[in-house]
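Residue strings, one per chain:
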Amino acid sequence: MNIFSAREIYEWEKFTIKKGNISALQLMEKAAKCCCNWITDRFSTTSEMLIFCGAGNNAGDGFALARLLYQTGFNIKIFTDSSKKFTEEAEINFQRCKEISGIEIQDFSALKQLKNTESAVIIDALFGLGINRAIQGPVAEVISFLNELPGTKIALDLPSGLFAEEISAENAVIFQADYTLTFQVLKKAMLHPESAPFCGEIHIMDIGLNPDYCLENPTLENTVDENLIQQIYKPRKNFSHKGNFGKSLLIAGSFGKIGAAVLATKAALKAGSGLTFILAPNCGYEILQISCPEAMFISGGEKSVENIVSDDEYSIGIGPGLGTAKATDIGLLNFLKSYSKSLIVDADALNILAKNAENFQFIPRNSIITPHPKEFERLFGKTENSFERTTLAQKKAAELGIFIVLKNHHTQIISPAGEVFYNLTGNSGMAKGGSGDALLGILTALVAQNYSPLNAAIFGVWLHGKAGDFAAEKYSKEATLPSDLIDELGNCFKYLEKKSSQQN
């Protein structure tokens, strides 16, 4: 799913109006109907609807919604500044509300009289996408007042005060929504940790914008949806053998950190690797042979990995639990200097590379690196916020010719071409040591099965998150372990197989 800027969304609406023989007013009505249906499905008509409207088209959505909710049986109060000049469509819908005697319309100055709003629904239709600077003055006071009121809060399209595609100022006045009913697609602000919390629970309202616009105007920024995953996923053919699904080599583990090697190896096996090898220190031999009997052990040293030898027939994932001992540093860098095929780099392997920026030249092109925010900072420097971090990651991916999996909620997959794919699966139950080791194993297995680095990264991150979601449903977010996530990978593939058969 594309991520468009506010300007591009306005262009999309104009494109739809031109191509679809539909007016802007009719499009506004469709948006209001979608929101009305969502609200009536979830709230009783005993709930009072308090709708706050500005002067732009977001206000027009609010006025249209007020009329539709009133017709459904809700008690409606509208708060607005009727002295302002409304947009054409907003003015029409405002006049329609004025013609209904049962809809109470008040000025913002009447806000102080509001009492007992615990059971009310407060709807923000003040600005939506229509801002490019911080809100100040009387309207800022209105938003601050609303944020203090009890009651359920709903924003239409985007909470007022929140910029759609960049970070808002730290002290900006922003409506704090419990729910955001956004139109057609997610906005970039909904995917970053500094801005997404203002949106609460996000629901996408399909208002029928013409999909041809997306084909004619591809974007660098996208979300990973199931349509994309179905295009990437390659179901297994019946007449296959282990040789068809590649050889995975996990280079991982050190004394006291063999568990990381176990998790990465198990994940690679569960993700479909045809043959799986684990290069680890001898101190982990028995643990690995007992816990991962399907994998073959290769000695890399005694208590840490010091000697790395491989050839091009393997898909290599390196880093979990590796440690940063001097001998490991030397062994890793010597290996990278002589190895040219792409690989997957995580955890301590990244920390070793981060010790000297000159080491980056040894990362083979088209490799995948998987840093969490702190590892990314060690590698490429500090950024002020996640928006800047994404921009820096795009720059570094292009410079080094690599794919960066920037781990976080809504993990981003960033390509050398500057593309950014925001993943939507996963949950806070995965915020435990070992989850990243599982991801490394999944990615290694997918590359072994001849998924391209980009498709492996997109699919692997989605699988990892989906397995985490299944595990959280079963065990709770608090109790979910990375090993539970690995065990749910089979259900992810079954889910995809079922979806695929339904489509065919």
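Residues numbered from 1 in each chain as written. Predicted model: local features only at pLDDT ≥ 70, side-chain atom pairs only at ≥ 80, totals over all residues. Heavy atoms only, no water.

Stated precisely, the cut-off is as follows: UniProt positions are given in the numbering used here, feature names are shortened, and annotations may be inferred rather than shown by experiment.
In the annotation of an unreviewed UniProt entry, the entry for the protein reads Bifunctional NAD(P)H-hydrate repair enzyme, and the organism field reads Kaistella treverensis. Here is the UniProt Subunit (unreviewed entry) comment for the protein, exactly as written: "Homotetramer."

A look at the sheet that holds strand 1 (residues 48-53)
For the record, the criterion: Whether two strands pair comes down to DSSP finding at least two bridges between them. Only DSSP runs of H or I with at least four residues qualify as helices, and only runs of E with at least two residues qualify as strands; both kinds are numbered from the N terminus onward. Lines fitted to C-alpha atoms define the axes, with helix axes restricted to the stretch in contact, and inter-axis angles between N-to-C directions lie between 0 and 180 degrees. Any pair of residues with heavy atoms lying within 4.5 Å of one another is described as a contacting pair.
With respect to topology, 7 strands assemble into an open sheet ordered 3-2-1-4-5-6-7, the strand pairing being parallel. Of all strands in the sheet, those with a lone pairing partner are strand 3 (104-107) and strand 7 (201-205), marking the two edges. Neighbouring strand axes in the sheet, compared pairwise and without regard to direction, differ in orientation by 20° on average. As paired strands, strand 4 (residues 121-125) and strand 5 (residues 152-156) are joined by 4 bridges and run parallel to one another. Counted as the bridge partner of Ile123 is Ile154 from strand 5. The sheet contacts of helix 2 (residues 24-42) involve strand 1, strand 4, strand 5, strand 6 (179-183) and strand 7, and relative to strand 6 the element is tilted by about 150°.

Quick notes on the packing of aromatic side chains
Heads up, the condition is: When two rings of Phe, Tyr or Trp (its six-membered ring) have centres within 6.5 Å they constitute a pair, described as stacked for plane angles under 30 degrees, edge-to-face for angles over 60, and tilted for the intermediate range. Working definition: with a 1.4 Å probe on protein chains only, accessible area under 20% of the residue-type maximum means buried, over 50% means exposed, and in between means partly exposed. Two thresholds decide whether a charge sits over a ring: the Lys NZ or Arg CZ must be within 6 Å of the ring centre and within 35 degrees of the ring normal.
For the structure shown, the criterion picks out 20 aromatic pairs. With centroids separated by 6.2 Å and ring planes inclined at 40°, the aromatic side chains of Tyr233 and Phe493 adopt a geometry described as tilted. Within this pair, whereas Tyr233 is found in the loop between helix 7 (226-232) and strand 9 (247-251), its partner Phe493 is found in helix 17 (residues 489-503), the two being separated by 260 residues in sequence. For the pair shown, Tyr233 and Phe493 are each scored as buried. Among the aromatic residues, ring-to-ring pairing joins Phe4, Trp12, Phe15 and Tyr213 into one connected group. Here the guanidinium or amino end of Lys234 rests over the ring plane of Tyr451, the centre of that ring lying 4.4 Å away. In this structure, Lys303 packs its charged tip against the face of Phe255, placed 5.0 Å from the ring centre.

Here we look at the pairing of strand 2 (residues 75-80)
Looking along a regular strand, one sees the side chains alternate between the two faces of the sheet. So the rule is basically this: Convention used here: a crossover is right-handed provided that the path from the first strand, over the helix, to the second strand proceeds clockwise when the strands point away from the viewer.
Of all 6 residues in strand 2, 5 are buried, a share of seventy percent or more. Alignment of strand 1 against strand 2, held across 5 bridges, turns out to be parallel. The residue bridging Met49 from the neighbouring strand is Ile76, located in strand 2. This β-α-β element, strand 1 to helix 3 (residues 57-72) to strand 2, shows right-handed connectivity. In this structure, strand 2 lies alongside strand 3, joined through 4 bridges in parallel fashion. Within strand 3, the position partnered with Thr80 by the bridge is Asp107. Between the parallel elements strand 2 and strand 3, the chain passes through helix 4 (residues 88-98) in a crossover that is right-handed.

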